[in-house]
Amino acid sequence: MTARTAGNQAMISIASVPRPGEGIASVEIDGEGVLFDPQTNGLHILNPTALVVWDAIDGTATVGELATQLAEASGADPEVVREGVLEVVRDFASRGLLAG
Amino acid sequence: MIAGSSIRSPEPADPPPKHLPAWPEGTGPWFETTRLRSLGLDVRIRTTDAQLGRYLDRAFRDVAGEGPAETTYSVVTTGDPPWPYALYQGSERMSFSASGSYVVEHLLWDLNRRALDVEDRLLLVHAGAVVREGVGVLLPGPSGAGKTTLTAGLVLGGADYLSDELAVVDTTDLTLRAHPSPLVIKGKSRETLADLRPRGTGLSPTYVPGRWLVPASTIRPAALASPARPGLIVAPRYVAGTQTRLEPVSRANMIALLASQALRPRDRHAWTLQGLRDVVAACACYRLTYGDLADACAEVAQLTTTMSREQVR
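Owing to the predicted nature of the structure, the values given are computational and were not obtained by experimental measurement.

## So, the overall build of chain A
Line of reasoning, step 1. Per the secondary structure count, chain A includes three helices and three strands.
Line of reasoning, step 2. Each helix and strand of chain A, ordered N terminal to C terminal, gives the series β-β-β-α-α-α.
Line of reasoning, step 3. Expected size for 100 residues packed as a compact globule is a radius of gyration near 13 Å; at 13 Å, chain A falls within 12% of this value.
Line of reasoning, step 4. Dimensions of chain A, computed from the C-alpha atoms along their principal axes, are close to 35 × 30 × 20 Å.
Line of reasoning, step 5. Buried positions account for 42% of the 100 residues belonging to chain A.
Line of reasoning, step 6. Expressed as a percentage of contacts within chain A between residues at least 6 apart in sequence, the contacts between residues at least 24 apart total 58%.
Line of reasoning, step 7. Total accessible area computed for chain A in this model is approximately 5200 Å², and 51% of it derives from carbon and sulfur atoms.
Line of reasoning, step 8. Side-chain charges of chain A comprise 5 positive and 14 negative groups, with the mean position of each set lying 9 Å from the other.

## Digging into the packing of helix H1 (residues 48–56) of chain A against helix H3 (residues 78–94) of chain A
Residues and elements named next belong to chain A.
Line of reasoning, step 1. As a packed pair, H1 and H3 sit with axes 10 Å apart at the nearest point and diverge in direction by 80 degrees. Judged on the interaxial angle alone, H3 and H1 are roughly perpendicular. Contacts between H1 and H3 involve Ala50, Val53 and Trp54 from the first element and Val85, Val88, Val89 and Phe92 from the second.
Line of reasoning, step 2. Split into classes, the residues belonging to the contact of H1 with H3 amount to seven nonpolar, no polar and no charged.

## Here's the deal with the packing of helix H3 (residues 147–156) of chain B against helix H8 (residues 293–312) of chain B
Residue and element names in this part refer to chain B.
Line of reasoning, step 1. Orientation of H3 relative to H8, taken along the N-to-C sense of each, is 70 degrees, at an axis distance of 9 Å. Relative to H8, the element H3 lies roughly perpendicular. H8 is crossed by H3, and the crossing has right-handed handedness. Together, Thr149, Leu150, Gly153 and Leu154 of H3 and Leu293, Ala296, Cys297 and Val300 of H8 make up the contact between the two elements.

## Focus: the packing of aromatic side chains
Line of reasoning, step 1. Under the counting rule described, the total for this entry stands at four aromatic pairs over all chains.
Line of reasoning, step 2. The interplanar angle of 80 degrees and the centroid separation of 5.1 Å between the aromatic rings of Trp54 of chain A and Phe92 of chain A together place this pair among those described as edge-to-face. On the criterion of sequence distance, the pair formed by Trp54 of chain A in helix H1 and Phe92 of chain A in helix H3 is long-range, its members being 38 residues apart.
Line of reasoning, step 3. Residue class for Trp54 of chain A comes out buried when judged on its relative accessible area of 7%.
Line of reasoning, step 4. We classify Phe92 of chain A as buried; its relative accessible area is 3%.
Line of reasoning, step 5. Geometrically, the ring pair formed by Tyr238 of chain B and Tyr290 of chain B is edge-to-face, given 5.5 Å between the ring centres and 65 degrees between the ring planes. Placement of the pair is Tyr238 of chain B in strand S16 (residues 230–238) and Tyr290 of chain B in strand S19 (residues 284–290), with a sequence separation of 52 residues.
Line of reasoning, step 6. Here Tyr238 of chain B falls in the partly exposed class, since its relative accessible area comes to 39%.
Line of reasoning, step 7. Above the plane of the ring of Trp30 of chain B lies Arg46 of chain B, whose end atom (NZ or CZ) is 3.9 Å from the centre.
Line of reasoning, step 8. The ring of Trp271 of chain B carries Arg268 of chain B above its face, with NZ or CZ at 3.9 Å from the centroid.

## Thoughts on the interface of chain B and chain A
Line of reasoning, step 1. Each side of the interface is counted separately: chain B has 16 residues, and chain A has 13 residues.
Line of reasoning, step 2. Note on chain B versus chain A: buried area summed over both sides is about 1300 Å², and carbon and sulfur give 72% of it.
Line of reasoning, step 3. For the interface between chain B and chain A, the tally reads one salt bridge.
Line of reasoning, step 4. For Asp30 of chain A, the salt bridge is made with Arg251 of chain B, and the minimal N-O distance between the two is 3.3 Å.
Line of reasoning, step 5. In this assembly, chain B and chain A are joined by two residue pairs in polar contact (both at pLDDT 80 or more).

## Here we look at the pattern of salt bridges
Residue and element names in this part refer to chain B.
Line of reasoning, step 1. Applying the stated criterion to the full structure yields 16 salt bridges over all chains.
Line of reasoning, step 2. A salt bridge links Arg211 to Glu105; the nearest nitrogen and oxygen atoms lie 2.5 Å apart. One end of the pair, Arg211, is in strand S15 (residues 211–214); the other, Glu105, is in helix H2 (residues 100–115), and 106 residues separate them in sequence.
Line of reasoning, step 3. Accessibility expressed as a relative area gives 32% for Glu105, which makes it partly exposed.

Procedures and definitions
Residues numbered from 1 in each chain as written. Chains lettered and ligands numbered in written order. Predicted model: local features only at pLDDT ≥ 70, side-chain atom pairs only at ≥ 80, totals over all residues. Heavy atoms only, no water. Helix = DSSP H or I, 4+ residues; strand = E, 2+ residues; numbered from the N terminus. Rg over C-alpha atoms; globule rule 2.2 N^0.38 Å. Buried < 20%, exposed > 50% of the residue type's maximum accessible area, 1.4 Å probe, protein only. Contact = heavy atoms within 4.5 Å. Areas by Shrake-Rupley, 256 points an atom, 1.4 Å probe, with all protein chains shown as cover. Lys, Arg positive; Asp, Glu negative; His and termini not counted. Charge placed at Lys NZ, Arg CZ, Asp CG, Glu CD. Axes fitted to C-alpha atoms, helices over the stretch in contact; angles between N-to-C directions. Parallel < 35°, antiparallel > 145°, perpendicular 65-115°, else oblique. Nonpolar A, V, L, I, M, F, W, Y, C, P; charged D, E, K, R; others polar. Left-handed = near helix turned anticlockwise from the far one by under 90°. Phe/Tyr/Trp six-rings, centres within 6.5 Å; stacked < 30°, edge-to-face > 60°. Lys NZ or Arg CZ within 6 Å of the ring centre and 35° of its normal. Buried area = accessible area lost by both parts, 1.4 Å probe. Salt bridge = Lys/Arg side-chain N within 4 Å of Asp/Glu carboxyl O. Polar contact = N/O pair within 3.5 Å; in protein donor to acceptor, adjacent residues only side chain to side chain.

As structure tokens, then:
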């Protein structure tokens, strides 16, 4: 397993391509998510918004593309969704949940 | 999640001897316990100290089985200084000590280690487990949270006992399995549960200082439960002097709490998390902060009574 470190969230931009960290296990319940990171033994609880973003991250789409997809699916203001997705992905990075 | 096991090897009470004595030939006579059989445990214990033997036989009576056991442990009291106490597994030396409590501690630790060697379908969580009015109740939490005290209190109040310290979930049919090893009552819990003090064994505190091994069937006859579906998870937290408070907990939070107390090999995290999710999805989840055992038991009893009535409807 490749070592992962908590990333610099400022490095995440709208053009970044986030990829889930290797080996992270996740489950959904009542609209919330629980992630377990075996590298750190860390447990993370995702609110419904963060869970939607986590589930959408596939290692190929940019943050901007993810935001567009989610805005289209939800019918919400694209600019608001863009800011929200960027914030959530940066939070994932700061917690070391993303690869690279 | 706790990788592998939360159980640590006891720290030696004294330095290891430079020259370990050989197997003491002609040692005996022996007191032998019945076969102890539960989860991965399949052992018999023999000891040259009859008082200790009787104490262990009584402590583990709820996991007593018949027939020959897979492994035999021997606790030998040679009386020879400087290492008068020794523990063997088969003919293999496990420890020698000047302290009787050290070898018994080592024995109990190894019994726990063996119990954890279970089939892949079983999920193990650091929790107490009882059945009340047909509702399987999990009581998860870290050491010192008051799990054992609450488990014992509930059994005293009429709940049936599945396990203490180690709850066992069969993921194939989502049931809580029994692992009725003795409750280990220690610290201030001995004051709260003073009536459960083992009596009539005459055992010297040399072997088990500061704690009691209490089989559930001595708390209440016929207290042993059959496997049950989980319906309620209550995470206890004992805080001296506090008013008892019961609060709902989100299922996501409860999965995280259970995951922090789960025991699985390193490569089965996804399986473990999914298993915990399935358990939690079937349960109502609460956190119980308590300073009084009777109040805490009443809160849990009220929940199970309500759930049981709802099931009947």
